[in-house]
Amino acid sequence: IFFRHGPEAQSVFLTFASAFLVKLLQPKFASYLTIQKRLEIRETVQKVVDLLSSPEIAIDDRNGPGLYAKFIKSLLAAPMAQVDPTSPPPPRRVRVSPTNVSQPVEPPVAPSRSTSVSLSPVPRQEALSFETFAP
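Residues numbered from 1 in each chain as written. Predicted model: local features only at pLDDT ≥ 70, side-chain atom pairs only at ≥ 80, totals over all residues. Heavy atoms only, no water.

**Student:** Before we move on, could you go through helix 1 (residues 8–23) and cite the residues and values that matter?
**Tutor:** Think of an α-helix as 3.6 residues a turn; residues three or four steps apart then line up on the same face. An ideal rise of 1.5 Å per residue puts 22 Å on 16 residues; helix 1 measures up with 23 Å between its terminal C-alpha atoms. Regarding helix 1, the residues found buried are S11, T15, S18 and V22. Projected down its long axis, helix 1 shows its buried positions confined to an angular sector of 65 degrees, all on one face. Exposed positions of helix 1 whose direction lies more than 90 degrees from the buried face are F13, F16 and F20. (Helix = DSSP H or I, 4+ residues; strand = E, 2+ residues; numbered from the N terminus. Expected span 1.5 Å × (residues − 1). Buried < 20%, exposed > 50% of the residue type's maximum accessible area, 1.4 Å probe, protein only. Arc of directions from axis to C-beta.)

**Student:** So what's going on with the side chain of T15? Which residues, and what values?
**Tutor:** Its location among the elements puts T15 in helix 1. T15 sits in the buried class, given a relative accessible area of 7%. Not counting the four nearest positions on each side in its chain, T15 is found in contact with L52, Y68, F71 and I72. (Contact = heavy atoms within 4.5 Å.)

**Student:** Tell me about the nonpolar core, residues and numbers included.
**Tutor:** Membership of the largest hydrophobic core is limited to twelve residues, which are V22, L25, I41, V45, V48, V49, L52, A69, I72, L76, A81 and V83. Counting residues per element, the ones that place at least two in this core are helix 2 (35–53) and helix 3 (64–77). The biggest single contributor to this core is helix 2, with five residues. (Core = buried A, V, L, I, M, F, W, Y, C linked by side-chain atoms within 4.5 Å.)

So this is what it looks like as structure tokens:
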């Protein structure tokens, strides 16, 4: 396996992706994922831990991949990342309208670039000109 001799960035990217997936296991995201999908995420992240901590990849526990494996393993062990396959899924959040009719809450939609508002000040014309540019 060439992973052992590859750039450190490979381990970092894999660890970051795994940490993101573990974050999806938190209870606040449970209504968006089925139990099967949550279990699949746990199994996939566990495979990453097994890969990074394997003797073919990690030289020892102090090597980069070994440290990353311990970090991900501790994230999986956190109470917020536990998945109970016997628990029912949490109900979808509902919004109560003024007419007392419950409606499902839709996930927010990101604004398009043409309608988004920036909090940054508008750049001055002098800042956009290359006439006064000095390296």
